[in-house]
Amino acid sequence: MVEAFAVASGKGGTGKTTSTLALGLALADDYDVTVVDADTGMANLLFHAGLADVDVTLHDLLLADTGASVSDAVYERHGMRVVPCGTSLSDFRAAEPERLRDVVAELASDTDVLLLDSPATLASRDAVLPVVLADRTVLVVEPTIPAISDALKVQEYAASYGTDVAGVLFNRVTDGDAVDRVAEKADRYFEGPTLAAVPEDDAARAARRAGEPLLAHAPDSDAARAYREAADVLDVRASDADAVADRFRSAVVPDQP
Amino acid sequence: MTPVSFSRVVEDAAAALELALDRELTGYAEFTPQDALLLEDGGAGVLAFEAGVPTHVKHSGSGRGGDAALADLAVPGPLRVECYAGGDPPVPETDQFAVAPGTPAERLAGDADLADRTRAAAPSDRAGGGEPMDAVEAFLEDDEKIDAIRERAREEATERADEWGFEEFAED
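Note that this is a predicted model, so its numbers are computed, not measured. (Residues numbered from 1 in each chain as written. Chains lettered and ligands numbered in written order. Predicted model: local features only at pLDDT ≥ 70, side-chain atom pairs only at ≥ 80, totals over all residues.)

Asks: How do you make sense of the overall build of chain B when you look at a structure like this?
Replies: Secondary structure summary: chain B contains 7 helices and 5 strands in total. Helices and strands appear in chain B in the N-to-C order β-α-β-β-β-α-β-α-α-α-α-α. Evaluated residue by residue, chain B yields a buried proportion of 43% over its 172 residues. Put simply, 66% of the contacts in chain B that link residues at least 6 apart link residues at least 24 apart. (Helix = DSSP H or I, 4+ residues; strand = E, 2+ residues; numbered from the N terminus. Buried ≥ 20, exposed ≤ 12 C-beta atoms within 10 Å, placed from the backbone. Contact = placed C-beta atoms within 7 Å.)

Set out below in structure tokens:
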């Protein structure tokens, strides 16, 4: 049984990768969690998860004739499975995107929660694909006008392709009281509940520098606590693993950039 | 020596800075203009980044720092960007080499939107309160504006469903 979430924001800089790993770690207390760097054009997750030196990444699975099996690119870290992307642009160009569907389908068949760290843009087909494929999307949004506008756009794209909003995560919050008011007003427009307001926290920066997920690096930080609250609010709905796998397998092949 | 974590040629400085911002680069990046004919003394720009926001800049050709280094680096055309995530920047972290968060986007790319977005991501801006929350609240009270944003996005999504071959997912 599996539910696939795309963790998305309309633009970069919202702390999406930090949030993906934090939610993954928090959910891993109750579920088998697999986190995938679905932003195949801009490897990022590996730096956050201490996987910068690994040999086999998702890109190897997308290349013809490498002989790598899916399990070779899956790393057990912090109680969850992590599938990073590599940084080689030539590998990315040579990658055959149709293989991505099969890789993700295989991962979906053997986990409870699949978190897809999605590209921070709506500008291309491969960037939108994770949102299309997921059951629901988690919107990571800073409490600013451009970020909220972008998150609304992602919501509408998602809805257009049959993907619901699981919740809205306000991130990098400096004024908690004001954000409570903002969240209350934003609630009228977003289809999912507010999951949490995660405070701006130096611990997040320190974790990134250390190459560790925030919840592993600073589990008692204010931000870590807020992410755990968010994971509690997120009601994971198990859907049939075979159906999810089929959906990935039947998805269209994205363009090369 | 920190290994290069990312390397690609991009069409212009805006793309290079956006790359660093979107991947929340903490470390440094080298920007090497590809059109060597336009370069008098050659060299690359080395930019220190904190969570995607440029903080210090040095030009390796002229040795100058800060805004002067940006002037030396302001060459139109493609750039090779090499990112060193987690690397200690080979740029002195002093006032002479410091740049304001939005300045590289303005001087190198002439991109006001990107400059705004970079400023919004800068910690100092956050510490100072960033965008006033009452402006965000006022925005959220403007139903008409928000409905227009949503409607436009839905139209785009539908158009692109066709273009991208997502018809089978698109909902009426």
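So that's the structure; there's more coming.
Asks: How should I be thinking about the domain arrangement of chain B in this particular structure?
Replies: One frequently used descriptor of interface size is the decrease in accessible area upon assembly of the parts. Taken domain by domain, chain B comprises domain 1 (6–127) and domain 2 (133–164). Taking the mean C-alpha position of each, domain 1 of chain B and domain 2 of chain B sit 32 Å from one another. (Domains from an automatic or database assignment.)

Asks: What exactly am I supposed to notice about the sheet that holds strand E1 (residues 6–10) of chain B here?
Replies: By way of backbone hydrogen bonds, the strands of a sheet pair with one another, either parallel or antiparallel. All names here are of chain B. With antiparallel pairing, the 5 strands of this open sheet are ordered in space as E1-E5-E2-E3-E4. This sheet does not close on itself; its edge strands, each paired only once, are E1 and strand E4 (53–59). Neighbour to neighbour, the strand axes of the sheet diverge by 20 degrees on average, direction disregarded. Inspection of the sheet shows strand E2 (residues 27–33) paired to strand E5 (residues 79–85) by 7 bridges, in the antiparallel sense. Paired with Tyr28 across the two strands is Tyr84, which belongs to E5. On top of the sheet, helix H2 (residues 66–73) reaches E2, strand E3 (45–50) and E4; it is set at about 70 degrees to E4, its chief contact. (Pairing = 2+ DSSP bridges. Axes fitted to C-alpha atoms, helices over the stretch in contact; angles between N-to-C directions.)

Asks: Sorry, what's going on with helix H11 (residues 222–233) of chain A here?
Replies: Along an α-helix, a turn takes 3.6 residues, which lines up residues three or four apart on a common side. Residues and elements named next belong to chain A. Across its 12 residues, H11 extends 17 Å between first and last C-alpha, which sits within 8% of the 16 Å expected from 1.5 Å per residue. Along H11, the residues that are buried comprise Ala223, Ala224, Ala226, Tyr227, Ala230 and Ala231. The arc that holds every buried residue of H11, seen down its axis, measures 160 degrees, which confines them to one face. Among the structural elements, helix H1 (16–27), strand E7 (164–173), strand E8 (194–199), helix H9 (202–210) and helix H10 (214–217) are those in contact with the buried residues of H11. (Expected span 1.5 Å × (residues − 1). Arc of directions from axis to C-beta.)

Asks: What is the right way to look at helix H7 (residues 143–164) of chain B in this model?
Replies: Taking 1.5 Å per residue, 22 residues should reach 32 Å; H7 of chain B reaches 31 Å between its end C-alpha atoms and fits that length. Listed as buried for H7 of chain B are Ala153, Ala157, Arg160, Ala161 and Trp164 of chain B. Each buried residue of H7 of chain B lies within a common arc of 115 degrees when the element is viewed along its axis, so the set occupies one face. What points out from H7 of chain B, more than 90 degrees from its buried face, is the exposed set Glu144, Asp147, Ala148, Glu151, Arg152, Glu155, Glu159, Asp162 and Glu163 of chain B. Check the buried side of H7 of chain B and you find it contacts helix H6 (125–133) and helix H7 (145–160) of chain A.

Asks: Looking at this structure, how should I read the nonpolar core?
Replies: Considering soluble globular proteins, one finds that nonpolar side chains tend to be buried as a cluster. Residues Phe5, Leu169 and Tyr227 of chain A are the most contacted members of the largest nonpolar core, which totals 134 residues. For this core, the element with the highest residue contribution is H7 of chain A, accounting for 7 residues. Among the domains, domain 1 (6–127) and domain 2 (133–164) of chain B are the pair contributing at least three residues each to this core. Ignoring sequence-local partners within four residues, the contact set of Tyr227 of chain A consists of Ala22, Leu23, Ala26, Ala196, Val198 and Leu215 of chain A. (Core = buried A, V, L, I, M, F, W, Y, C linked by C-beta atoms within 7 Å.)

Asks: What's the story with the interface of chain A and chain B in this structure? I'm lost.
Replies: Contact residues are listed per partner, giving 41 residues for chain A and 41 residues for chain B. Where the side of chain A that touches chain B is concerned, the elements lending two or more residues are H6, H7, helix H8 (176–186) and H9 of chain A. Take the side of chain A that touches chain B: its biggest share by element is 9 residues, from H7 of chain A. Looking at side-chain class alone, the side of chain A that touches chain B contains 19 nonpolar, 10 polar and 12 charged residues. (Nonpolar A, V, L, I, M, F, W, Y, C, P; charged D, E, K, R; others polar.)

Asks: What am I meant to see in the environment of Ala120 of chain A here?
Replies: Residue and element names in this part refer to chain A. By the element assignment, Ala120 lies in the loop between strand E5 (113–117) and H6. C-beta crowding within 10 Å serves as the criterion here: with 27 such atoms nearby, Ala120 is assigned to the buried category. Along the sequence, Ala120 and Thr194 sit 74 residues apart, while their C-alpha atoms lie 20 Å from each other.

Asks: Is there a simple way to think about the packing of helix H1 (residues 13–22) of chain B against helix H4 (residues 112–121) of chain B in this case?
Replies: For any two helices packed against each other, the geometry is given by the interaxial angle and the distance between the axes. Residues and elements named next belong to chain B. It is at 11 Å that the axes of H1 and H4 come closest, and there the two elements cross at 25 degrees. With respect to each other, H1 and H4 are oriented roughly parallel. As H1 runs across H4, the sense of the crossing is left-handed. Where H1 abuts H4, its residues Ala14, Leu17, Glu18 and Leu21 lie against Leu114, Arg117, Thr118 and Ala121. Looking at the contact of H1 with H4 residue by residue, the class counts come to 5 nonpolar, 1 polar and 2 charged. (Parallel < 35°, antiparallel > 145°, perpendicular 65-115°, else oblique. Left-handed = near helix turned anticlockwise from the far one by under 90°.)

Asks: What exactly am I supposed to notice about the environment of Pro89 of chain B here?
Replies: Residues and elements named next belong to chain B. Structurally, Pro89 can be placed in the loop between E5 and helix H3 (103–109). Take Pro89: there are 22 C-beta atoms within 10 Å of it, and that puts it in the buried class. The sequence separation of Pro89 and Val136 amounts to 47 residues, and the corresponding C-alpha distance is 35 Å. Not counting residues within four places of it along the chain, the set of residues in contact with Pro89 comprises Gly27, Tyr28, Val46, Ala48 and His56.

Asks: Quick question: what am I supposed to make of the environment of Gly167 of chain A here?
Replies: Residues and elements named next belong to chain A. Here Gly167 is to be found in strand E7. The spacing of Gly167 and Glu191 is 24 residues in sequence and 7.6 Å in space, taken between C-alpha atoms. Residue contacts for Gly167: discarding those within four places in its chain leaves Val138, Gly192, Pro193, Thr194, Leu195, Val233 and Leu234.

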